[in-house]
Amino acid sequence: MIVTRFAPSPTGRLHVGNIRTALHNWLWAKKQGGRFLLRIDDTDRERSEARFVEAIRADLAWLGLMPDGEERQSARFDRYETRFEELKAAGRVYPAYETSQELDLKRKILLGRGLPPIYDRAALRLTEAEKAAFEDEGRAPHWRFRLGGDLLEWDDLIRGPQHFAAEAMSDPVVRRADGSWLYLLPSVIDDIDMGVTQVVRGEDHVSNTALQIDMFHALGAAPPAFAHEALLTGSEGKLSKRLGSLGVDHFREAGIEPEAVIALLARIGTSQPVEPLIDRTPLIAGFDFSHFGRAPARFDEAELAGINAKIVHQLPHAAVRDRLPVGMGEAAWEAIRPNLERVADAADWWAVIEGPIAASGEPEDSTYLIEAATVAAQIDWSADPWHALTAALKDRTGRKGKPLFLPLRRALTGRDHGPDMAALLPLIGRDRAVERLRSAS
Ligand code: GLU
């Protein structure tokens with residue numbers, strides 16, 4: 001059984017980068033018929049907030065990325081304690097008493113000598129008496145994980161073979177002096193307990209993975225597979241600050257459909273083309289880590305808006321009904337849809353159909369429009385009134401092309417451009433059309 005997880009910290013809203021990670025975890029689980037878990041990483045009690053947990057759930061729901069299960073780290077402290085005790089008994093975690101100033105000093109000395117600032121494991125050499133002396137002083141220890149393997153390696157699903165020499169890394173701190181947990185170890189314990197088979201996350205976690213691989217081994221478990229995706233950058237190619245503030249609220253306010261976000265984020269940074277798909281099936285079926293490149297994926301809001309418009313043009317009435325003005329039915333939606341960039345703009349065109357509109361014709365079109373009103377009152381409205389009207393006017397006036405059509409469009413809609421008049425005119429209807437042609441003349 002394939003199990004993936006999306007593990008946000010509830011310290012803020014999801015942004016486009018997190019959403020992309022969530023989506024890829026979801027796509028992989030769906031493709032494999034597996035499970036997609038939401039894991040709330042709320043070990044940091046100070047910074048985690050209930051409102052962000054709610055917002056994360058709501059954002060995933062809006063995006064249609066429903067988790068198959070939800071876990072919370074704050075509910076699992078007992079479990080972390082148990083596994084921590086095992087590591088302690090096995091000598092894989094050890095207490096360290098250095099203050100942050102002392103650690104800083106050690107780092108500076110090493111750097112000054114041109115050496116990498118790796119922790120010297122001085123705490124491992126403390127005698128029981130020395131430890132007791134620190135405790136008497138009132139110093140509580142923080143805890144480090146003792147790296148065991150020589151070479152920390154894995155075959156990354158995106159980056160290929162990865163090797164880290166353990167001797168080039170510091171034993172990571174896994175628990176603070178106040179007993180609180182840092183991210184690294186609880187995440188490994190969770191991944192083991194929850195049967196996670198693929199960890200899909202940003203490449204900012206690559207060096208964490210080297211450490212965590214060793215933790216899986218220390219806890220007697222085979223590590224899952226890892227896929228580290230290149231980070232997202234703004235359209236300018238920089239890691240833009242703006243990306244961090246772009247989330248579901250922004251998209252919703254900008255009239256962006258969830259499917260547009262999904263269609264774009266599923267494929268940017270991969271070798272597959274971004275397509276305006278309103279159905280996720282091809283995104284799921286075509287998803288593969290082998291399509292991901294190493295270069296940063298570029299997120300461009302203008303591209304998103306373009307995809308969005310193409311998606312809106314395909315949405316069926318049933319999908320948007322709740323967001324349309326009262327009374328706006330399927331025919332009106334289908335007439336108007338090709339002209340929209342956002343569903344909300346349907347209201348503008350509905351107002352054009354319903355009227356009143358402000359339209360005044362050019363003086364030189366006055367006779368033409370009077371004639372058009374007369375013809376409009378006579379034609380058969382049951383079939384295709386626009387073609388009946390324009391064919392009759394062409395015959396009677398000799399006009400064709402723009403001089404034939406544009407004065408009619410202006411008089412009937414008050415605008416120079418818009419939806420296909422053949423689709424719009426039946427919705428405007430005979431009485432309003434005749435009235436508009438007359439009053440514009
Ligand atoms: N809470 C971690 C983060 O937000 C999770 C990383 C992971 O996927 O393991 O970066």
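Provided above is the structure to which this section pertains.
This one's a predicted model, so the numbers in the text were calculated from it and none came from an experiment.

Here is what the cut-offs are and how they apply
- Residues numbered from 1 in each chain as written.
- Predicted model: local features only at pLDDT ≥ 70, side-chain atom pairs only at ≥ 80, totals over all residues.
- Heavy atoms only, no water.
- Near = heavy atom within 4 Å.
- Polar contact = N/O pair within 3.5 Å; in protein donor to acceptor, adjacent residues only side chain to side chain.
- Areas by Shrake-Rupley, 256 points an atom, 1.4 Å probe, with all protein chains shown as cover.
- 1 Å grid on protein atoms, 1.4 Å probe; cavity = no way out; pocket = protein on both sides within 12 Å on 5 of 7 lines; lining within 4 Å.
- Sits in = over half its atoms within 2 Å of the grid points.
- Nonpolar A, V, L, I, M, F, W, Y, C, P; charged D, E, K, R; others polar.
- Pairing = 2+ DSSP bridges.
- Helix = DSSP H or I, 4+ residues; strand = E, 2+ residues; numbered from the N terminus.
- Axes fitted to C-alpha atoms, helices over the stretch in contact; angles between N-to-C directions.
- Contact = heavy atoms within 4.5 Å.

Looking at this structure, I do not really get the site of the ligand. What am I missing?
Arg5, Ala7, Ser9, Asp41, Tyr183, Ser187, Arg201 and His205 make up every residue found near the ligand. The separation between a nitrogen atom of the ligand and a polar side-chain atom of Asp41 is 2.6 Å. Summarising the interface, the protein chains cover 77% of the accessible area of the ligand, which totals 290 Å² for the free molecule. Placement of the ligand is best described as lying within the largest pocket. Classifying every residue of the shell around the ligand by side-chain character gives 2 nonpolar, 3 polar and 3 charged.

Which parts of the structure should I look at to understand the sheet that holds strand β4 (residues 93-96)?
The strands making up a sheet associate through hydrogen bonds between their backbones, and the pairing can be parallel or antiparallel. As summarised here, the arrangement of the 3 strands in space is β4-β5-β8, forming an open sheet in which the pairing is antiparallel. In the strand order of this sheet, the two ends are held by β4 and β8 (173-175), each with one partner. Taken over all neighbouring pairs, the strand axes of this sheet differ in orientation by 45° on average, direction set aside. Pairing of strand β5 (residues 142-145) with β8, which is carried by 2 bridges, proceeds in the antiparallel orientation. Looking across to β8, one finds that Trp143 is bridged to Arg175.

Please clarify how the side chain of Asp42 should be interpreted in this entry.
Among the structural elements, Asp42 can be located in the loop between β2 (35-40) and α2 (50-63). At 2.7 Å, the side chain of Asp42 and the side chain of Ser74 are in polar contact. Apart from the residues within four sequence positions on either side, Asp42 is in contact with Pro10, Ser48, Arg72, Gln73 and Ser74.

Just geometry here; none of it tells us what the structure is for.
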